[in-house]
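# A structural walkthrough
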Amino acid sequence: MMAQLQQYLGENLDTSSLNQPTQQPQANREPIKHLLIGSPKAVTSTIHYLQLTLLALKRRSR
């Protein structure tokens, strides 16, 4: 997986920080579960879509 990440991002990527344990999450915040890479528009659109999907699922379960 790391080789694929380096191939995708280029050879000058410093991946040393990716192998280190993450810091403790702040109060009332969940740790990151997914990494979304793309243009700002694509990232924003995807987050918005996921938020709407989650809201629809919550309404359906009532």
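Residues numbered from 1 in each chain as written. Predicted model: local features only at pLDDT ≥ 70, side-chain atom pairs only at ≥ 80, totals over all residues. Heavy atoms only, no water.

### Focus on the overall build of the chain
Looking only at helices and strands, the chain features two helices and zero strands. As presented, the chain carries roughly 6,600 Å² of accessible surface, and 55% of it is formed by carbon and sulfur atoms. (Helix = DSSP H or I, 4+ residues; strand = E, 2+ residues; numbered from the N terminus. Areas by Shrake-Rupley, 256 points an atom, 1.4 Å probe, with all protein chains shown as cover.)

### Some details on the pattern of salt bridges
What the rule picks out here adds up to one salt bridge. Between Glu30 and Lys33 there is a salt bridge whose closest N-O contact spans 3.6 Å. Lys33 shares its class with Glu30; the two are exposed. (Salt bridge = Lys/Arg side-chain N within 4 Å of Asp/Glu carboxyl O. Buried < 20%, exposed > 50% of the residue type's maximum accessible area, 1.4 Å probe, protein only.)

### Concerning the environment of Thr46
Relative to the elements of secondary structure, Thr46 occurs in helix α2 (residues 40-60). The spatial distance from the C-alpha of Thr46 to the C-alpha of Leu36 is 8.7 Å, given a sequence separation of ten residues.

### What about the environment of Thr44?
Within the element layout of this structure, Thr44 appears in helix α2. Within the structure, Thr44 has its side chain in polar contact with the backbone oxygen of Pro40 (distance 2.9 Å). (Polar contact = N/O pair within 3.5 Å; in protein donor to acceptor, adjacent residues only side chain to side chain.)

Everything listed here is a matter of geometry and, on its own, says nothing about what the molecule does.
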